[in-house]
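Architecture and fold: a report
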Amino acid sequence: MNLDGFEARKADHLRLSMDPSMQAAGHSGFDLIHLFHDALPELDFKDISLHTKFWWFEAASPCFISSMTAGHQGGEALNIRLAKVASERRWPMGLGSQRRELQDPKAHEEWKRLRAAAPNALFFSNLGLSQLIETPLEKVKALIENLGSAAIIIHLNPLQEVLQPEGTPSFLGGIKALEKLCKISKVPVILKETGSGFSPATLLKIRKLKLGAVDVSGLGGTHWGRIEGGRANGTIFHAASQTFDHWGESTVASLLAAKSNWRRQKKRPELWASGGIRNGLDAAKAIAIGANKVGFAKPVLEAALSGEATLHAWMDRIEFELKIALFCTGSKDIAALQKETKWQKI
Ligand SMILES: Cc1cc2nc3c(=O)[nH]c(=O)nc-3n(C[C@H](O)[C@H](O)[C@H](O)COP(=O)(O)O)c2cc1C
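Quick look at the structure, then. (Residues numbered from 1 in each chain as written. Predicted model: local features only at pLDDT ≥ 70, side-chain atom pairs only at ≥ 80, totals over all residues.)

**Let's talk about the overall build of the protein**
The helix and strand inventory of the protein stands at 15 helices and twelve strands. Over its C-alpha atoms the protein spans a radius of gyration of 19 Å, differing by no more than 12% from the 20 Å that the globule rule assigns to 346 residues. Taking the principal axes of its C-alpha atoms as reference, the protein extends roughly 60 × 40 × 40 Å. Within the span of the protein, comprising 346 residues, buried residues form 44% of the whole. (Helix = DSSP H or I, 4+ residues; strand = E, 2+ residues; numbered from the N terminus. Rg over C-alpha atoms; globule rule 2.2 N^0.38 Å. Buried ≥ 20, exposed ≤ 12 C-beta atoms within 10 Å, placed from the backbone.)

**Focus: the nonpolar core**
Counting residues in hydrophobic clusters, the biggest one holds 76 residues, and the most contacted among them are Met-93 and Leu-255. Filtering out sequence-adjacent residues up to four positions away, Leu-255 remains in contact with Val-216, Leu-271, Ala-273, Ala-286, Ile-289, Gly-290 and Ala-291. Counting five residues, the second-largest nonpolar core is a separate cluster that includes Met-22, Leu-159, Leu-163 and Ile-227. (Core = buried A, V, L, I, M, F, W, Y, C linked by C-beta atoms within 7 Å. Contact = placed C-beta atoms within 7 Å.)

**Details of the sheet that holds strand β8 (residues 189–192)**
With respect to topology, eight strands assemble into a closed barrel ordered β4-β5-β6-β7-β8-β9-β10-β11, the strand pairing being parallel. Shown here is a sheet whose adjacent strand axes are inclined to one another by a mean of 25°, direction ignored. Alignment of strand β7 (residues 151–155) against β8, held across four bridges, turns out to be parallel. If you follow Ile-153 over to β8, its bridge partner there is Ile-190. Against the sheet, helix α5 (residues 137–147) touches β6 (123–128) and β7, its axis set at about 155° to β6. (Pairing = 2+ DSSP bridges. Axes fitted to C-alpha atoms, helices over the stretch in contact; angles between N-to-C directions.)

**Thoughts on the environment of Leu-35**
Within the secondary structure layout, Leu-35 lies in strand β1 (residues 33–35). For Leu-35, a count of 20 C-beta atoms within 10 Å gives the class buried. Placed 302 residues apart in sequence, Leu-35 and Leu-337 show a C-alpha to C-alpha distance of 9.8 Å. Apart from the residues within four sequence positions on either side, Leu-35 is in contact with Ala-284, Lys-285, Ala-288, Ala-325, Thr-329, Lys-342 and Trp-343.

**Focus on the packing of helix α2 (residues 75–89) against helix α3 (residues 105–117)**
Where α2 contacts α3, the two axes come as close as 9 Å, and the packing angle between them is 30°. Taken as axis vectors, α2 and α3 run roughly parallel relative to one another. Where α2 crosses over α3, the handedness of that crossing is right-handed. Here Glu-76, Asn-79, Ile-80, Ala-83 and Lys-84 of α2 come into contact with α3, specifically with Glu-110, Leu-114 and Ala-117. Tallied by class, the residues present in the contact of α2 with α3 amount to four nonpolar, one polar and three charged. (Parallel < 35°, antiparallel > 145°, perpendicular 65-115°, else oblique. Left-handed = near helix turned anticlockwise from the far one by under 90°. Nonpolar A, V, L, I, M, F, W, Y, C, P; charged D, E, K, R; others polar.)

**Here's the deal with the site of the ligand**
Taken together, 26 residues form the shell around the ligand, and within it His-155, Gly-221, Thr-222, Ala-297 and Lys-298 come nearest. Listed by contribution, the elements that provide at least two residues to the shell around the ligand are α1 (3–17), β4 (63–68), β7 and α13 (298–306). For the shell around the ligand, the residue count by class is seven nonpolar, 17 polar and two charged. (Near = placed C-beta within 6 Å.)

**Structural notes on helix α7 (residues 174–184)**
Residues separated by three or four positions in an α-helix point in the same direction, a consequence of the helix having 3.6 residues per turn. Residues of α7 that are buried include every one of Ala-177, Leu-178 and Leu-181, and no others. The buried residues of α7 occupy an angular sector of 100° when the element is viewed end-on, so they sit on one face. Seen from the open side of α7, the exposed residues pointing more than 90 degrees away from its buried face are Lys-176 and Lys-183. Buried-residue contacts for α7 involve α4 (129–134), α5, β7 and β8. (Arc of directions from axis to C-beta.)

**A closer look at helix α14 (residues 308–328)**
Its 21 residues give α14 an end-to-end C-alpha distance of 30 Å, which sits within 8% of 30 Å, the value for a rise of 1.5 Å per residue. Those residues of α14 not exposed but buried are Leu-311, Met-315, Ile-318, Leu-322, Ala-325 and Leu-326. Here the buried residues of α14 occupy an arc of 105° about the axis, which is enough to place them on one side. Of the residues in α14, the exposed ones pointing more than 90 degrees away from the buried face are Ala-309, Ala-313, Asp-316 and Phe-320. Considering only its buried residues, α14 is in contact with β1, β4, α2, α12 (280–288), α13 and α15 (334–339). Of the residues one or two after α14, Gly-330 is the one with positive phi, at around 70°. (Expected span 1.5 Å × (residues − 1).)

**Some words on the pairing of β6**
Taking burial as the measure, the six residues of β6 include six buried ones, the bulk of the element. In β6, alternate side chains face the same way, and those of Phe-123, Ser-125 and Leu-127 on one face and Phe-124, Asn-126 and Gly-128 on the other are all buried. Relative to β6, strand β5 (residues 93–95) runs parallel, the two sharing two bridges. When the sheet's bridge partners are listed, Gly-94 is paired in β6 with Phe-124.

**What to know about the pairing of strand β10 (residues 270–273)**
In terms of strand pairing, strand β9 (residues 213–215) meets β10 through three bridges, oriented parallel. Paired with Asp-215 across the strands is Trp-272, a residue of β10. Two strands pair when backbone bridges link them, and β10 and strand β11 (residues 293–296) are joined in this way by two bridges, in the parallel orientation. Pairing of Trp-272 across the sheet is with Lys-293, part of β11. Traced from β10 through α12 to β11, the parallel crossover comes out right-handed. (Right-handed = clockwise from strand over helix to strand, strands pointing away.)

Shown next as structure tokens:
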């Protein structure tokens, strides 16, 4: 891997992800979900609880920071800021792809410094499926151990890989590689998309895998077709990215498909939501329709770029809005929002 090219690409990703035209806004499906207002909640707002467990970890809420790569100059400081605030607030944090660590010893040192800065943070490791296919499992296990991660996320990104001039669009052998990882991994394996979601057919394909969770990361937020197209002006990649600028399954459609697909399955993975979740109400809707956890990428990054205080204020807002949604649907906690019929599709 050309490391200079890698750093330049990551810097492009970070810059472009802040551009509003890189968002598939309006496609998440949350506008189609209505939460019923309860004008008479038998509750005191101060008793509303967002408390959620990520396995053994007592988290502040079902919210987590979605995996984001910041593998360029300045990226380390940003990751440390995110990790410190995440740890303080008890929000789990998905780290960006650890692909670079497979080849670059410097990257390993960087992750060690990150862990030292936030010793109590709950981290999720991260690797792309194309890298998993070609990497010996011992090396993958080392990525998890070196960071003391609570889980490993494998990300799926076929649209991004095919629209990226330096991409590796080969997913042949992917299911086998996932099967093997699930078998040997001591920590839960989480399968996630990166903004294009899961269709019913893909959900069927992964049915037999012993996954800890599936994070649908659906259409409606950051769109990697658009971002890669934005890096390649004047090329065939740019032209094709415009054709595929809202390719994918919406976050809501992906969640509903997973819920229906797994209905009769006894042992099923947790269902996680991300992709276009922009406020506490979106998060509440995702939970009401079946998600156990909700992830945010772009809005966290945007707040973190403005500094620690802005990130805290943004997290306060998300938690407050989620509590309002619970109170006004008459739900005392997250389980109550999920148990009863609190919503309808409009
Ligand atoms: C700058 C940036 C870098 C990202 N890098 C990764 C990554 O390394 N691994 C991964 O699984 N997802 C990555 N993602 C995707 C996010 O985790 C998430 O799935 C996607 O952005 C949709 O969420 P959002 O609409 O809240 O941004 C990245 C997102 C952003 C904005």
